[in-house]
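Letter by letter, the chains look like this.
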Amino acid sequence: KLIKNGNTGYFAYFVAGTILSQTKKDEAIPLLKKSLSLKESSRVYAQLGFCYDGSRDDLAILYYEKAVDPNIKNYDENEITLANLGLCYKYLKEYETALKYFDRAIEILPEYTSAIGSKLETLGILGRFDELISTCNESLHKNSPKMEDEDIIDFLERKRDALFELDRLDDALECSNEI
């Protein structure tokens, strides 16, 4: 509707593509690419990454990485784009790279529980249980007053499972009691 009404600037294509991407990602892609052809923007690159996320992780990574490239105009490194990049790498089983992006997202927003949870899951996949436990403890210590109950429970369950994997059964039982 924005474009049909004569709005043909970069922002009109970006807004239309962003709205459409919530339900029809394939139809949003041409609008977002048109927006990019008019003006390079990390926000448009991030939205294109979102459109490909889960279907073409190779393209999602390409666009997400452009979104966090400080050399482009209108650079905007944000925690959501970084965490999404981490998820794409995790799906591709490039776990060390995924952890790097989760850490960058957490640096920007230390209480970003989605990125922390993804980091904890990745550490578990890698069998890095001691690091998982320390990350969990640190996050719960810093963030628990701001966290949703389900996030606290999720983190404690991950910690309990890691303790169990390390054969620290008494600690795992104690952690279970906290849940």
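Residues numbered from 1 in each chain as written. Predicted model: local features only at pLDDT ≥ 70, side-chain atom pairs only at ≥ 80, totals over all residues. Heavy atoms only, no water.

**Digging into the packing of aromatic side chains**
- Tallied over the entire structure, the rule returns six aromatic pairs.
- Taking 5.8 Å as the distance between ring centres and 5 degrees as the angle between the ring planes, the aromatic pair formed by tyrosine 52 and tyrosine 63 counts as stacked. Residue tyrosine 52 is found in helix H3 (residues 42–52), and its partner tyrosine 63 is found in helix H4 (residues 57–67); the two are separated by 11 residues along the sequence. Residues tyrosine 52 and tyrosine 63 agree in their burial class; the two are buried. (Phe/Tyr/Trp six-rings, centres within 6.5 Å; stacked < 30°, edge-to-face > 60°. Helix = DSSP H or I, 4+ residues; strand = E, 2+ residues; numbered from the N terminus. Buried < 20%, exposed > 50% of the residue type's maximum accessible area, 1.4 Å probe, protein only.)

**Considerations on the pattern of salt bridges**
- If you walk through the whole model with that rule in mind, you get nine salt bridges.
- With its nearest N and O atoms 2.9 Å apart, the salt bridge here joins arginine 56 to aspartate 58.
- With its nearest N and O atoms 3.2 Å apart, the salt bridge here joins lysine 90 to glutamate 121. One end of the pair, lysine 90, is in helix H5 (residues 79–91); the other, glutamate 121, is in helix H7 (residues 113–125), with 31 residues separating them in the sequence.
- Accessibility expressed as a relative area gives 9% for lysine 90, which makes it buried.
- Each of the salt bridges in this network shares a partner with another, and the network as a whole consists of Glu96, Arg128 and Glu131. (Salt bridge = Lys/Arg side-chain N within 4 Å of Asp/Glu carboxyl O.)

**Some words on the confidence of the model for the protein chain**
- A residue-level look at the protein chain finds 93% of positions with pLDDT of 70 or above and a mean pLDDT of 90.
- Element-level mean pLDDT values for the protein chain span from 89 in helix H1 (residues 10–21) up to 97 in H7. (pLDDT = per-residue confidence, 0-100.)

**Concerning the environment of isoleucine 133**
- Here isoleucine 133 shows up in helix H8 (residues 129–143).
- When its relative accessible area of 6% is taken as the criterion, isoleucine 133 is described as buried.
- As for isoleucine 133 and isoleucine 29, which are separated by 104 residues in sequence, their C-alpha atoms are 40 Å apart.
- In this view, isoleucine 133 contacts Lys159, Ala162, Leu163, Leu166 and Arg168; residues no more than four positions away in its chain are not counted. (Contact = heavy atoms within 4.5 Å.)

**Observations concerning the packing of H4 against H5**
- The N-to-C vectors of H4 and H5 enclose an angle of 150 degrees; their axes lie 9 Å apart at closest approach. Between H4 and H5, the interaxial angle falls into the category roughly antiparallel. As for the relative orientation of H4 and H5, their crossing is left-handed in sense. For the pair H4 and H5, contact is made by Asp57, Ala60, Ile61, Tyr64, Glu65 and Ala67 and by Thr81, Asn84, Leu85, Cys88, Tyr89 and Tyr91, respectively.
- Grouping the amino acids of the contact of H4 with H5 by side-chain chemistry returns eight nonpolar, two polar and two charged. (Axes fitted to C-alpha atoms, helices over the stretch in contact; angles between N-to-C directions. Parallel < 35°, antiparallel > 145°, perpendicular 65-115°, else oblique. Left-handed = near helix turned anticlockwise from the far one by under 90°. Nonpolar A, V, L, I, M, F, W, Y, C, P; charged D, E, K, R; others polar.)

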